[in-house]
Amino acid sequence: MRYKINSPIAYTRKMKTKVFLRWFFYSLTLILLYSLMSCGAFGFWQPYFIAALAIGVSMREQEVSSSVFGIFCGFMLDMAMGTLFGFFAVCLMPCCFLTSLFSRNLIKVNFLNHIIFTSISTLITFIIYYLFNYVIWNMQGREIIIFRILLPSFIATAVTAPAIYFLVKLIANKLGLADSVNINDAVEEVIEHSDDAADNK
């Protein structure tokens, strides 16, 4: 199997408008979810909405744009949760890249895979956060952090992930690129047809 990364797409003016609007609504959703996370209404059961959004967008966009969006989501998540600025950005960026790569080559885009990838990304991020903030410094009460903060947030993120998935799906379906032309695929199709014609002769 040949893996494709950021295959070039031929855009019309209408497609460019759709791309702009799609990313505008992604960004608007990011701001709204940041506001929701910053209000502190969920207590210890704080869902990481922004992480779920980053993964949801990555499942429908190309690798580089997904990585950049993951970085911005990470910065917003840092501000919402009061962590070291850039921590979540470093964690989310590779998660978004790999999610996009797998979604475009190996897995189907559906809410179940979205929950799985969101859970894996959140778990990896929480493990790194726990190691660098508590284990390395040998802080007391580390078990409390796991069972009172990280575990409830992990569960809440997984439970609320489908809502984020369907929101991203709505935006992508309304402003998607169903009519876009992948240049590499088009060239390969022409070559295949030429080979078939030559074989028939």
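Our structure's up above, just so we're on the same page.
Residues numbered from 1 in each chain as written. Predicted model: local features only at pLDDT ≥ 70, side-chain atom pairs only at ≥ 80, totals over all residues. Heavy atoms only, no water.

(A) Summary view of the overall build of the protein chain. Helix and strand counts for the protein chain come out as seven helices and two strands. In the protein chain, which comprises 201 residues, the proportion classed as buried is 40%. (Helix = DSSP H or I, 4+ residues; strand = E, 2+ residues; numbered from the N terminus. Buried < 20%, exposed > 50% of the residue type's maximum accessible area, 1.4 Å probe, protein only.)

(B) The arrangement of the environment of Ala 54 in detail. Within the secondary structure layout, Ala 54 lies in helix H2 (residues 49–58). Since its relative accessible area comes to 0%, Ala 54 is described here as buried. Between the C-alpha atom of Ala 54 and that of Gly 74, which follows or precedes it by 20 residues, the distance is 8.6 Å. In this structure, Ala 54 is in contact with Phe 69, Cys 73, Leu 92 and Cys 96, ignoring residues within four places of it in sequence. (Contact = heavy atoms within 4.5 Å.)

(C) Examining the packing of aromatic side chains more closely. Tallied over the full model, the rule gives 15 aromatic pairs. The interplanar angle of 70° and the centroid separation of 6.0 Å between the aromatic rings of Tyr 129 and Tyr 134 together place this pair among those described as edge-to-face. Linked through ring pairs, Tyr 48, Phe 87, Phe 88, Phe 126, Tyr 129, Tyr 130 and Tyr 134 together constitute an aromatic cluster. (Phe/Tyr/Trp six-rings, centres within 6.5 Å; stacked < 30°, edge-to-face > 60°.)

(D) Focus on helix H6 (residues 142–174). Over its 33 residues, H6 runs 46 Å from end to end, which matches the ideal 48 Å to within 8%, given 1.5 Å per residue. Along H6, the helix axis deviates most sharply at Thr 160, where the bend reaches about 40°; the proline Pro 162 sits within four residues downstream. (Expected span 1.5 Å × (residues − 1). Bend = angle between axes of the 7 residues up to and from the residue.)

(E) The nonpolar core, seen in detail. Tyr 26, Ile 50, Leu 53, Phe 69 and Leu 77 are the most contacted members of the largest nonpolar core, which has 34 residues in total. It is H2 that provides the largest number of residues to this core, a total of seven residues. Among all residues touching Tyr 26, those that are not within four sequence positions of it are Leu 53, Val 57, Glu 61, Phe 69, Val 168, Ile 171 and Ala 172. (Core = buried A, V, L, I, M, F, W, Y, C linked by side-chain atoms within 4.5 Å.)

(F) View of the packing of helix H1 (residues 13–38) against H2. One can describe the packing of H1 onto H2 by two numbers: an axis separation of 9 Å at closest approach and a directional angle of 160°. In terms of orientation, H1 lies roughly antiparallel with respect to H2. Crossing of H1 over H2 shows right-handed handedness. Taking contact as the criterion, the partners of Trp 23, Tyr 26, Thr 29, Leu 30, Leu 33, Tyr 34, Leu 36 and Met 37 in H1 are, on H2, Phe 49, Ile 50, Leu 53 and Val 57. Here the residues of the contact of H1 with H2 are counted per class, giving eleven nonpolar, one polar and no charged. (Axes fitted to C-alpha atoms, helices over the stretch in contact; angles between N-to-C directions. Parallel < 35°, antiparallel > 145°, perpendicular 65-115°, else oblique. Left-handed = near helix turned anticlockwise from the far one by under 90°. Nonpolar A, V, L, I, M, F, W, Y, C, P; charged D, E, K, R; others polar.)

(G) Structural view of helix H4 (residues 87–105). Compared with the 27 Å implied by 1.5 Å per residue over 19 residues, the 28 Å span of H4 between its first and last C-alpha is a close match. Phe 87, Phe 88, Ala 89, Cys 91, Leu 92, Cys 95, Cys 96, Thr 99, Ser 100, Leu 101, Ser 103 and Asn 105 are the residues of H4 that are buried. Lining the buried residues of H4 we find H2, helix H3 (63–81) and helix H5 (111–135).

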